[in-house]
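Observations on the model geometry
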Amino acid sequence: MPDLHWTGARELARMIEGGDVTAEEIAAAFVARSEAVEPSLHAYLHPTFDEAIDDARAADRRRAAGEARSAFDGVPVAYKDIFCTRAAPTTSGSKILDGFRPPYDATVVARCGAAGLAMLGKLNMDEFAMGSSTENSGFGPTKNPWDLERVPGGSSGGSTALVAAGGTPWAWGTDTGGSVRQPASLCGLVGVKPTYGMVSRYGIVAFASSLDQAGPVTRKVEDAAALLQLAAGHDPYDSTSIPRDVPDLVSGIDGGIDGMRVGIVREFQGAEGTQPGVAQRVEEAYARLEKLGARLEEISLPSFEHGISAYYLVAPAEASSNLARYDGVRYGFRASGAPDIVSMMSRTRDEGFGDEVKRRVMLGTYALAAGYYDAYYGKAQKVRTLITRDLERAYEQVDLIVSPTSPTTAFRLGERTSDPLAMYLSDIFTVPVNMAGNAAISVPCGTSPDDGLPVGLQIIARSLDEQTMFRAAYAFEQDLGWIDSAEGRPSL
Amino acid sequence: MSTTVEDRYKTTIGLETHVELSTSSKMFCGCEVGFAGEPNTRTCPVCLGMPGSLPVANATAIEYTLRIALALNCTIAPRSLFHRKNYFYPDMPKNYQISQYDYPVGSQGFLEISGDFGTKRVGINRVHLEEDTGKSIHVGGSGRIADSDYSLEDFNRAGTPLVEIVSEPDIGSAEEARAYVTELRALLESLGVSDVRMEEGSMRVDANVSVALQGAEEFGAKVEVKNMNSIRSVGRALEFEEKRQRDALANGETLVQETRHFDEKTSTTSSLRTKEFAFDYRYFPEPDLVPFQPDPEWVESIRDALPETPAARRERFATTYGLSDYDVGVLTSSVATSDWFEAAATVYAGEPKRVANWISADLFGLLNEAGIELAQAKITPAQLAGLVQLVDDGTISGKQAKTVLAQMFASGSDAQDVVADLGLQQVSDESALEAAVDEVIAENEDAAAKVRAGQLNTIGFLVGQVMKKTKGRANPGIVNDLLKRKLG
Amino acid sequence: MTIDRAAVDHIARLARLDLSDAERTRMRTELAQILGHAERIQSLDLDEVEPTSHSIPLSNVMRDDEARPSLPQEEALRNAPDTEDGRIKVPRIIEDA
Ligand SMILES: [Mg+2]
Ligand SMILES: [Zn+2]
């Protein structure tokens, strides 16, 4: 029997079904692996190992009684600490929410619970998901299992570091501008940003409401499709949830890509700051897609160059409003000794928020302030329209669009903390997708020849066309065979 | 106000009215809407602004808003949006209020008001939907916010659907303002969308008052007046404010833009804050909610289903029932009263006017004494009609009826029963009537003689005399028989 | 572009952030740098372009007016830093600083 902790969730489900292993043995294996790697990674904020083992035992009993909740009943899962959970604190990586206990579960958590998944714990992240390295966590950075000197990416870095290290078969993250895809890319994993409105945002601590979308982090494409299937679908508690049935994302996944039209973005060719090794692996990936029967076509997305500028006005503006509720009144941290309400709120927020959050709250407040709205927030929302139009035009020509996920591989801790703009530019390929609401996935395409670190290929699909996206990613993954090889695992 | 000095000035008033809708659940969550109960017992993650919670709009609240906008003759926006109004306040859980900005549900309407000033149309600038805040209690000092030691927050009210109705600055005096609020309140009550209790705060009115020289190009300094908790307060506060500003200008003082607080006890306003900088609410479209595009057919069906307006009802009561202005005023003071009167009027055979008088004069007298609403009274419309009927057919006198009404009001029993209990009913017992009959015969020798002589038509006169003697209580038939026997 | 101290102070007050002098100084340069990058979209002619506030074409999402159970008081107040008589206690309320 292979190491359980390197085994994908669907494979684990098959093994449980075949009676080769119990859910309890699986949970024990992942708990053991988590405990082994946690000291070097710091992926967890709130482990719930004992509860996970108990839940797995209960799942085994259900299965024995023929009452399994799903094929995954008892399989472990972990959540970015941005998902509200009754069973564990929820901080969104911020000191201002230290010790906060939500009185309710996020819809994603409730649905995975209904399928019987056993929660291993809550994972580290950039504070309020603002960051690309997990260095902005209020509780210390998470390390990349491929190189402990380097960042796992962010903001879902706790999720990607833990999955990459074999600490959980799969995990949930959230992606507002690339926060699932970029860390997945930097950790050699599959990361999905579903169509906006496909996964309920109810119970997910809001960063930028019109861009936030939860997504799976896994080692295998089929597991990403399966985990998304468990939680996706209309939720009456989220007004922006798409009232439509989710198609079967898993069964047709091996359909191949013969004849698929795949677009390569002219503007991204030799884009500023793209690491040569990354460019090389991604070029090879394009060639592999062609070999698999895809028809490559060059497309133009002229507005994409404005994506970052627009994103860093829209997201902070919404965030400045979403984060106004952290004022020390109803929950979380409250600064002590303030004589009046204004100073209490202002001190609470100054002491409770980290630098990046304060920076973006200031930026967003500025972008919305009287006299600046039209020039900044207003214009940015119009640029969003241009980006969407570019994509619609492209989809007349192609079924999918490919690009690097991140211009570089994992960078060193502290390398970019002093230069916010440089940090922001690492989202250049992912941000436009959130602006338009399309679906996208990052799939590993090996390691970079110049530093031996993982490189990710981004595959962008039409809104609600996750099926095509998964088929392409699966075909590529199977043909590359990297994830199942020894190179596909960090030597941690 | 119309002495020549004051006429040099022009008063301009705009009113901003907030109305809590009487839906079962809150605007964006399932928590119950209500007044009573322990603090913080009607809250949930949504109305507490907990991390991760999301709003979902209440369909009935939107329908009520459409009703209000249509009743105020507004244009309904084909597409309306919710915006976030951002400002920090401890009674506001998210530190932004979900409200509407440049795409309100209704705009460009009007409300017709009338009074001694005549009849005029007050423009309605906008009707929009938003959410209410929680409630703060200020502890220490005088209990006013200014000198309190700390405050306590209760979020039961947070998220209650709130409709904001903004008038154009078309109101020219405190009297017109009172008329506007009275008419608006009656209209909202008739629509059944709110209990419009100003004392409880389910209807709140703020005013912008400015006085300037007649014919001046610009308005005077805009003064906002708050804390007017009854229609009476609106009148008093604005009378005071109008005079204060006129006097100030007359004394050559310059008025400043400020917010003033009305004090019920002293009937005066005092400065709360002078606005040296405008608030920056940073409005932007609420990303957690999607646009609202009302189906035109739905809007029309709501328009068609609008109830009779208070104005129309007053008109109808005057013409179809021929009621006096006074009675119309009393009987249309509330929807409940109007319905009560109409219920009584339909059962009553005679002139509705007569029932109206009994309600506005006698019944309301009893209500005031008891200090209760008509709705709480034991007596039913049918019972009152029955009473008036007894007076009409002479069973009891009007004087007796007042006593009977008092009894009915207290016990809730029918007029007939009360009449019986008080022994006011007809007497049919011969032995009881014999004495009266004998007396009448003795007092009317000639008439009696005529009857003996066979002139039976004269017997009617003697029956009448007996009826008189018995204050109409005698049974005429029995009396007739008795007389025939005694004079036969 | 440059952002003066007064603007930073105004924004910090609107955002209820009691920033230190050092932070305010740093904000001036960082905001200027980021907004400077955003200047690139200032040049675009977008007069004819409709803004996108939602990337999905949904409208008229409403719920039926049905009351559901609320949280028990202790649940509602469990995370509150300071309470008194079932209410949340806050320092003296003053107008904007
Ligand atoms: Mg309002
Ligand atoms: Zn609620």
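The structure displayed is predicted, hence computed values, not measured ones.

We now examine the sheet that holds strand E2 (residues 83-84) of chain C. Read across the open sheet, the 4 strands follow the order E8(B)-E9(B)-E3(C)-E2(C); overall the sheet is antiparallel. The strands lining the two open edges of the sheet, one partner per strand, are strand E8 (135-139) of chain B together with E2 of chain C.

Another aspect to go through is the interface of chain A and chain C. At the junction of the two partners, chain A supplies 65 residues and chain C supplies 54 residues. Taken over both partners, the interface formed by chain A and chain C buries close to 5,400 Å², and the fraction arising from carbon and sulfur atoms is 65%. At the boundary of chain A and chain C, one finds 3 salt bridges. Between C:Glu23 and A:Lys358 there is a salt bridge whose closest N-O contact spans 2.5 Å. On the surface where chain A and chain C come into contact, there are 19 residue pairs in polar contact (both at pLDDT 80 or more). Top contributing element to the side of chain A that touches chain C by residue count: helix H12 (residues 374-395) of chain A, with 11 residues. For the side of chain A that touches chain C, the residue count by class is 34 nonpolar, 14 polar and 17 charged.

With that out of the way, let us pick up empty space enclosed by the protein. Over the atoms rolls a probe the size of a water molecule, and its path tells where empty space is left. Residues and elements named next belong to chain B. Scanning all chains against the criterion turns up 11 cavities of 30 Å³ or more. Counting residues per element, the lining of the largest cavity draws most heavily on strand E5 (residues 96-99), at 3 residues. When the residues that make up the lining of the largest cavity are grouped by side-chain class, the tally is 11 nonpolar, 4 polar and 6 charged.

The next thing to look at is a negative patch on the surface. All names here are of chain A. Judged by side-chain charge, Glu35, Asp50, Glu51 and Asp55 come together as a negatively charged surface patch. Examining the composition of the negative patch, we find that 3 residues originate from one element, helix H3 (residues 49-64), more than from any other. As for its position among the elements, Asp55 is in helix H3. With relative accessibility at 34%, the residue Asp55 sits in the partly exposed group.

Before going further, it helps to spend a moment on the pattern of salt bridges. All names here are of chain A. Per the stated rule, a full pass over the model turns up 66 salt bridges over all chains. Ionic pairing is found between Arg393 and Asp390, a salt bridge with its closest N-O pair at 3.2 Å. Taken as a pair, Arg393 and Asp390 lie in helix H12 at a separation of 3 residues, close to a single helical turn. With relative accessibility at 45%, the residue Arg393 sits in the partly exposed group.

In this assembly, 56 residues from chain B lie in contact with 34 residues from chain C. Of the roughly 3,800 Å² buried between chain B and chain C, counting both surfaces, carbon and sulfur atoms make up 57%. When residues of chain B are sorted by the area they lose upon contact with chain C, B:Phe88, B:Leu152 and B:Val290 head the list and together hold 14% of the total. The tally of links from chain B across to chain C stands at 21 residue pairs in polar contact (both at pLDDT 80 or more). Where the side of chain B that touches chain C is concerned, the elements lending two or more residues are strand E2 (57-58), helix H2 (59-71), E8 and strand E9 (150-154) of chain B. Among the elements that line the side of chain B that touches chain C, the one with the most residues is E9(B), at 5 residues.

All names here are of chain B. One open sheet holds the 9 strands; their spatial order is E3-E6-E7-E10-E1-E11-E12-E13-E14, and the pairing between them is mixed. Unpaired on one side and paired on the other, strand E3 (75-76) and strand E14 (268-274) mark the two borders of the sheet. Of the strand pairs in this sheet, strand E6 (residues 106-115) and strand E7 (residues 118-131) are connected by 9 bridges, and their pairing is antiparallel. Residue pairing in the sheet places Gly106 in a bridge with Val127 of E7.

Another point: the pairing of strand E11 (residues 203-213) of chain B. Residues and elements named next belong to chain B. Within E11, 8 of the 11 residues are buried, which leaves it mostly tucked inside the rest of the structure. Alignment of strand E1 (residues 9-20) against E11, held across 11 bridges, turns out to be antiparallel. The residue of E11 that forms the bridge with Thr17 is Val205. As paired elements, E11 and strand E12 (residues 223-228) share 4 bridges and run antiparallel to each other. Bridged to Val209 within E12 is Val223.

With that settled, the discussion passes to the packing of helix H7 (residues 221-231) of chain A against helix H15 (residues 466-480) of chain A. Residue and element names in this part refer to chain A. Contact geometry for H7 and H15: axes closest at 9 Å, N-to-C directions at 155°. Taken together, the axes of H7 and H15 are roughly antiparallel relative to one another. Along the contact surface, H7 presents Val221, Glu222, Ala224, Ala225 and Leu228, while H15 presents Glu466, Phe470, Ala473, Tyr474 and Glu477. Split into classes, the residues belonging to the contact of H7 with H15 amount to 7 nonpolar, no polar and 3 charged.

What counts, and where the lines are drawn
Residues numbered from 1 in each chain as written. Chains lettered and ligands numbered in written order. Predicted model: local features only at pLDDT ≥ 70, side-chain atom pairs only at ≥ 80, totals over all residues. Heavy atoms only, no water. Pairing = 2+ DSSP bridges. Helix = DSSP H or I, 4+ residues; strand = E, 2+ residues; numbered from the N terminus. Contact = heavy atoms within 4.5 Å. Buried area = accessible area lost by both parts, 1.4 Å probe. Salt bridge = Lys/Arg side-chain N within 4 Å of Asp/Glu carboxyl O. Polar contact = N/O pair within 3.5 Å; in protein donor to acceptor, adjacent residues only side chain to side chain. Nonpolar A, V, L, I, M, F, W, Y, C, P; charged D, E, K, R; others polar. 1 Å grid on protein atoms, 1.4 Å probe; cavity = no way out; pocket = protein on both sides within 12 Å on 5 of 7 lines; lining within 4 Å. Points joined across faces, edges and corners; volume = space filled by probe spheres on them. Patch = residues over 30% accessible without salt bridge, like charges linked within 9 Å, V, L, I, M, F, W, Y side chains within 5 Å. Areas by Shrake-Rupley, 256 points an atom, 1.4 Å probe, with all protein chains shown as cover. Lys, Arg positive; Asp, Glu negative; His and termini not counted. Charge placed at Lys NZ, Arg CZ, Asp CG, Glu CD. Buried < 20%, exposed > 50% of the residue type's maximum accessible area, 1.4 Å probe, protein only. Axes fitted to C-alpha atoms, helices over the stretch in contact; angles between N-to-C directions. Parallel < 35°, antiparallel > 145°, perpendicular 65-115°, else oblique.

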